[in-house]
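One letter stands for each residue in the lines below.
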Amino acid sequence: MSAPDKPIVLVHGLFGSLNDPEILAAFGSGDVHAPDLIGYGRNREADTSSLVLLDQARHIADFISGLGAGKVHLVGHSVGGAVSVLVARHFPELIESLTSVEGNFTLKDAFWSGQIAVKPNEEVASIISGYGTDPDAWIAGAGVQINEWTSSLARSWLANQPPSTIKAQAKAVVAATGEAAYLDAIRGILQSDVPVYLIAGRRSAEGWDVPDWVNDLCTARLNIADTGHLMMAENPAAFAAAVLTCLSYR
């Protein structure tokens, strides 16, 4: 499958980063980027005390503009899917296509974020510290088989951000997706000339709260066999192939 003629920008979810050599290499010769959101990775020291999701959208828009390549194919996973919707809504001049990989559409999708958003800081830190005592069990709980790479990936994802970022991002996505304007933005994108693709893991697809009209209006939808919500960790090659297959539709 030939590489797209424009860059692909991957937007990660609540934990971790998609800037992993195994994940990026699966895209072959394509021009693929996976920036850290505010509060994550190289940006982990950023002040997230008053973070809103539009801040993350502006951050990604600035990253895209910095590439100097014009429009990009934007691919957002989970919480990153909600960020990507706001990028496409507010900065359409930067978007060639939008792909939501089990991205948050409703508060039902953001149920875990909703729980974290209202917990005291100390409790959030304790929960995440608990994950850190057994990273393999944490990622295996999402259906990822443990091997040397996925074990290392779990550790790097848990270490990529402080607990304060997790809570701030959780609050931001709950606030954004709880507004009627959010679904209005999605409808507007679907009714524009921007192709919109939906990707899910086959095992987790039924739990993805995609409104019927989104399924009806999207350009294409693919479910990746034998995977769940963390499909890029379970099978990077299948994840990349699904994205590239979607981008071949017009």
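Residues numbered from 1 in each chain as written. Predicted model: local features only at pLDDT ≥ 70, side-chain atom pairs only at ≥ 80, totals over all residues. Heavy atoms only, no water.

Asks: Any details on the layout of surface pockets? Residues and values, ideally.
Replies: If a probe as big as a water molecule is rolled over the atoms, it shows which places are left empty. Volume-wise, the largest pocket comes out at about 780 Å³. What lines the largest pocket is a set of 27 residues, among which Ser78, Phe111, Trp112, His229 and Leu230 lie closest to the centre. Of all the secondary-structure elements, those providing two or more residues to the lining of the largest pocket are helix H4 (111-117) and helix H6 (135-140). Sort the elements by how many residues they give to the lining of the largest pocket and H4 lands first, with three residues. Residues belonging to the lining of the largest pocket are distributed by class as follows: 14 nonpolar, ten polar and three charged. (1 Å grid on protein atoms, 1.4 Å probe; cavity = no way out; pocket = protein on both sides within 12 Å on 5 of 7 lines; lining within 4 Å. Points joined across faces, edges and corners; volume = space filled by probe spheres on them. Helix = DSSP H or I, 4+ residues; strand = E, 2+ residues; numbered from the N terminus. Nonpolar A, V, L, I, M, F, W, Y, C, P; charged D, E, K, R; others polar.)

Asks: Got a sec to walk through empty space enclosed by the protein? Specific residues and values, please.
Replies: In this structure the tally under the stated criterion is one cavity of 30 Å³ or more. Estimated volume of the largest cavity: approximately 60 Å³. Top element by residues in the lining of the largest cavity is helix H9 (residues 180-190). It accounts for three residues.

Asks: Residues and numbers for the nonpolar core, please.
Replies: With 81 residues, the main nonpolar core has Phe27, Ile64, Leu74, Val87 and Trp157 as its most contacted residues. Dropping the residues within four chain positions of it, Ile64 is found in contact with Val9, Gly70, Val72, Leu74, Val87, Leu94 and Ile95. (Core = buried A, V, L, I, M, F, W, Y, C linked by side-chain atoms within 4.5 Å. Buried < 20%, exposed > 50% of the residue type's maximum accessible area, 1.4 Å probe, protein only. Contact = heavy atoms within 4.5 Å.)

Asks: Run through the UniProt feature "domain: AB hydrolase-1" (unreviewed entry) in the chain, naming residues and quoting values.
Replies: Under the UniProt annotation, "domain: AB hydrolase-1" (unreviewed entry) lies at residues 8-242. The annotated region residues 8-242 carries 48% helix and 13% strand content, and the separation between its end C-alpha atoms amounts to 13 Å. (UniProt positions renumbered as here; feature names shortened; annotations may be inferred.)

Asks: Provide a residue-level description of the environment of Ala140, including the pertinent values.
Replies: Looking at where Ala140 falls in the secondary structure, it is placed in helix H6. Judged by relative accessible area, Ala140 falls into the partly exposed class, the value being 35%. Separated by ten residues in sequence, Ala140 and Thr150 place their C-alpha atoms 9.1 Å apart.

Asks: Describe unusual backbone geometry, listing the residues and the values that go with them.
Replies: The backbone of Ser78 sits at a positive phi, close to 60°, despite the residue not being glycine. Take Ser78: it is sitting in the loop between strand S3 (72-77) and helix H3 (79-90). Look at Asp226: it is not a glycine, yet its phi comes out positive at around 60°. Structurally, Asp226 can be placed in the loop between strand S6 (220-224) and helix H11 (231-234). What makes Asp226 exposed here is its relative accessible area of 66%.

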